[in-house]
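What follows is each chain in one-letter form.
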Amino acid sequence: QVQLVESGGGLVQAGGSLRLSCAASGRTGTNYAMGWFRQAPGKEREFVSAISWSGSTTRYADSVKGRFTISRDNARNTVYLQMNSLKPEDTAVYYCAAGPGYASSMERAYDYWGQGSQVTVSS
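Reference entry: report on the structure contained in this document. Only a predicted model underlies this, so the values are computations on that prediction, with no experimental measurement involved.

Analysis parameters
- Residues numbered from 1 in each chain as written.
- Predicted model: local features only at pLDDT ≥ 70, side-chain atom pairs only at ≥ 80, totals over all residues.
- Heavy atoms only, no water.
- Pairing = 2+ DSSP bridges.
- Helix = DSSP H or I, 4+ residues; strand = E, 2+ residues; numbered from the N terminus.
- Axes fitted to C-alpha atoms, helices over the stretch in contact; angles between N-to-C directions.
- Disulfide = S-S within 2.5 Å.
- Buried < 20%, exposed > 50% of the residue type's maximum accessible area, 1.4 Å probe, protein only.
- Polar contact = N/O pair within 3.5 Å; in protein donor to acceptor, adjacent residues only side chain to side chain.
- Contact = heavy atoms within 4.5 Å.

### Some details on the sheet that holds strand β8 (residues 78-83)
At step 1: Spatially, β1-β3-β8-β7 is the arrangement adopted by the four strands of the open sheet, whose pairing is antiparallel. The open sheet has two free edges, formed respectively by β1 (2-7) and β7 (68-73), since each of these has just one partner strand. When the angles between neighbouring strand axes are averaged without regard to direction, this sheet yields 15°.

### Quick word on the state of the cysteines
At step 1: According to the stated counting rule, one finds one disulfide in the structure shown.
At step 2: A sulfur-sulfur distance of 1.9 Å marks the disulfide that ties C22 to C96. Judged by the torsion about the S-S bond (50°), the C22/C96 disulfide is right-handed. Here C96 lies in strand β9 (residues 92-100) and C22 lies in strand β3 (residues 18-26), a separation of 74 residues in the sequence.

### Considerations on the side chain of S52
At step 1: Looking at where S52 falls in the secondary structure, it is placed in the loop between β5 (46-51) and β6 (58-60).
At step 2: Residue S52 is classed as buried on the basis of its relative accessible area of 10%.

### Structural notes on the side chain of R38
At step 1: Position of R38 among the secondary structure elements: in strand β4 (residues 32-39).
At step 2: A polar contact is formed between the side chain of R38 and the side chain of E46, at a distance of 2.7 Å.
At step 3: Among the polar contacts made by the side chain of R38, one reaches the side chain of S63 at a distance of 3.5 Å.
At step 4: Dropping the residues within four chain positions of it, R38 is found in contact with E44, R45, E46, V48, S63, V64, F68, E89, D90, A92, V93 and Y94.

### Considering the environment of V5
At step 1: As for its placement among the helices and strands, V5 is situated in strand β1.
At step 2: C-alpha separation for the pair V5 and C22, spaced 17 residues apart in sequence, amounts to 5.4 Å.
At step 3: In this structure, V5 is in contact with S21, C22, A23 and Q115, ignoring residues within four places of it in sequence.

Quick look at the structure:
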């Protein structure tokens, strides 16, 4: 089992920045890819970004490309999502996820999920 805990969410004005962190504990010896997903009110959860275990492969949704950056520190068992130039449409609960394999954009590729962190962007 792997436990994931997100932090770093909050309220920010449009154009501002936030950095989300996701700390993993438990069976972290497996080489997991990590992903970030988000769910806005009344909408389905959607892919945001993913990173391979080595960090050599990253993937982004078109809506965040050029504004968000995913990274990871395997020594700290932590993955980060740096979010810049935030827009009101980025408002959502952000979830991190862990799964074997590559940096997938598909939810079914991930076995473990965090509880979510609220990000609110005001206009």
